[in-house]
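# Architecture at a glance
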Amino acid sequence: MAETRGIILAGGLSSRMGGGDKALLPLAGRPMIGHVIARLAPQTGPLAISANGDPARFLPLGLPVLPDTVPGFPGPLAGVLAGLDWAAGHGADQLLTAAADSPFLPHDLAARLAGAGRFALAASPDQTGVQRLHPTFGLWPVDLREALRRALAGGSRRVARWALDHGAVTVAFATVPFDPFFNVNTPADLALAETMAART
Ligand SMILES: Nc1nc2c(ncn2[C@@H]2O[C@H](COP(=O)(O)OP(=O)(O)OP(=O)(O)O)[C@@H](O)[C@H]2O)c(=O)[nH]1
């Protein structure tokens with residue numbers, strides 16, 4: 001059976017939030033990333049946090065922190081690469097990824113993605129019913145990591161495009177009662193997440 005490890009993508013600049021770590025902002029009594037850990041941990045093997053800078057700020061969460069290995073802030077794909085290298089180093093076959101700023105991710109994320117194939121990305125319909133990809137939520141085969149490394153070295157930053165070009169299938173999730181991939185980018189989103197957390 002395939003062994004899977006998981007990472008929570010928490011790098012990036014959080015510029016729409018005014019900088020700092022979105023992942024550590026308090027939401028319903030704990031850091032936002034705490035909600036993601038609580039939902040993801042039962043779904044996969046060992047977890048790590050993908051983040052840059054001083055790892056000590058994540059110490060209370062008790063998970064290893066993986067810095068990006070691509071210079072600058074090239075986006076979440078660099079975090080996926082660091083996660084794939086970490087998973088490969090521990091003999092895992094696959095990597096489950098989730099974003100730290102989506103505190104209501106599906107409880108059946110891993111099962112649904114794994115049921116679709118060895119490389120799968122999540123999607124959900126927008127308000128017009130069109131399926132939108134959420135490429136930070138995926139199940140990635142470890143053996144694609146050298147191809148991803150080359151793509152990043154060549155300047156590729158578009159997660160969804162790269163994944164679809166490498167055989168990823170998409171898995172559609174329901175948005176009732178709300179979109180489980182709702183993500184917190186701004187202070188207004190954080191306020192909305194508080195009201196959503198009170199209802200979950
Ligand atoms: N490891 C890693 N994660 C990233 C990087 N950029 C974004 N992420 C993560 O990917 C997810 C989506 O990021 P965005 O909201 O698009 O970008 P952001 O930098 O967090 O926020 P903005 O600056 O407001 O766009 C979040 O969970 C981020 O923490 C990166 O360069 N490295």
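About the thresholds
Residues numbered from 1 in each chain as written. Predicted model: local features only at pLDDT ≥ 70, side-chain atom pairs only at ≥ 80, totals over all residues. Heavy atoms only, no water. Near = heavy atom within 4 Å. Polar contact = N/O pair within 3.5 Å; in protein donor to acceptor, adjacent residues only side chain to side chain. Areas by Shrake-Rupley, 256 points an atom, 1.4 Å probe, with all protein chains shown as cover. Nonpolar A, V, L, I, M, F, W, Y, C, P; charged D, E, K, R; others polar. Helix = DSSP H or I, 4+ residues; strand = E, 2+ residues; numbered from the N terminus. Buried < 20%, exposed > 50% of the residue type's maximum accessible area, 1.4 Å probe, protein only. Contact = heavy atoms within 4.5 Å. Salt bridge = Lys/Arg side-chain N within 4 Å of Asp/Glu carboxyl O. Axes fitted to C-alpha atoms, helices over the stretch in contact; angles between N-to-C directions. Parallel < 35°, antiparallel > 145°, perpendicular 65-115°, else oblique. Left-handed = near helix turned anticlockwise from the far one by under 90°. UniProt positions renumbered as here; feature names shortened; annotations may be inferred. Pairing = 2+ DSSP bridges.

### Here we look at the site of the ligand
- The ligand sits among 20 residues. The nearest are Leu9, Gly11, Ser15, Ser50 and Asp68.
- In the environment of the ligand, an oxygen atom lies 2.8 Å from a nitrogen or oxygen atom belonging to the backbone of Leu13.
- At 3.4 Å, a side-chain N or O of Asp101 approaches an oxygen atom of the ligand.
- Protein chains shield 85% of the accessible area of the ligand, which is 620 Å² for the free molecule.
- Of the residues that constitute the shell around the ligand, the class distribution is eight nonpolar, eight polar and four charged.

### Quick look at the environment of Ala82
- Position of Ala82 relative to the elements: it lies in helix H2 (residues 76-89).
- In this structure Ala82 comes out as buried when scored by relative accessible area, which is 7%.
- Distance in space between the C-alpha atoms of Ala82 and Arg145 is 9.0 Å, their sequence separation being 63 residues.
- Once residues within four sequence positions are removed from consideration, Ala82 is found in contact with Leu66, Pro67 and Asp68.

### Observations regarding the pattern of salt bridges
- Counted according to the given criterion, the structure contains nine salt bridges.
- Note that Asp126 is salt-bridged to Arg132, the shortest N-O span being 2.8 Å.
- Note on Asp126: relative accessible area 24%, which makes it partly exposed.
- Taking relative accessible area as the criterion, Arg132 reaches 44% and is therefore assigned partly exposed.
- Of the charged contacts, one joins Arg161 and Asp165 as a salt bridge, the two residues approaching to 3.0 Å between their closest N and O atoms.

### Digging into the packing of H2 against helix H4 (residues 145-153)
- Close contact between H2 and H4 brings their axes to 10 Å; oriented N to C, the two are set at 150°. Accordingly, the angle class assigned to the pair H2 and H4 is roughly antiparallel. Along this stretch, H2 crosses H4, giving a crossing that reads as left-handed. Residue-level inspection shows Leu77, Ala78, Val80, Leu81, Leu84, Asp85 and Ala88 of H2 in contact with H4, the latter providing Arg145, Leu148, Arg149 and Leu152.
- Here the residues of the contact of H2 with H4 sort into eight nonpolar, no polar and three charged.

### Some remarks on the UniProt feature "binding site: GTP" (unreviewed entry) in the protein
- Under the local residue numbering, the UniProt record ascribes the feature "binding site: GTP" (unreviewed entry) to Leu9, Ala10, Gly11, Lys22, Asp68 and Asp101.
- Relative to the assigned elements, Gly11 resides in the loop between strand S1 (4-9) and strand S2 (26-27).
- If sequence neighbours within four positions are ignored, Gly11 has contacts with Ser50, Ala51 and Asn52.
- With respect to the helices and strands, the residue Asp101 is situated in the loop between strand S6 (94-99) and helix H3 (109-116).
- On the accessibility criterion, Asp101 (13% relative accessible area) is buried.
- Those residues in contact with Asp101 that lie beyond four places of it in its chain are Lys22, Met32, Phe182, Asn183, Val184 and Asn185.
- One polar contact links Asp101 to Lys22, side chain to side chain, over a distance of 2.7 Å.

### Examining the sheet that holds S6
- Strand order in the open sheet formed by seven strands is S5-S4-S1-S6-S8-S7-S9, with mixed pairing between adjacent strands. Of all strands in the sheet, those with a lone pairing partner are strand S5 (65-66) and strand S9 (169-172), marking the two edges.
- With two bridges joining them, strand S4 (residues 47-50) and S5 adopt parallel strand pairing. Paired with Ser50 across the two strands is Leu66, which belongs to S5.
- Set on the sheet, H2 makes contact with S1, S4, S5, S6 and strand S8 (131-141); between it and S1 the angle comes to about 150°.

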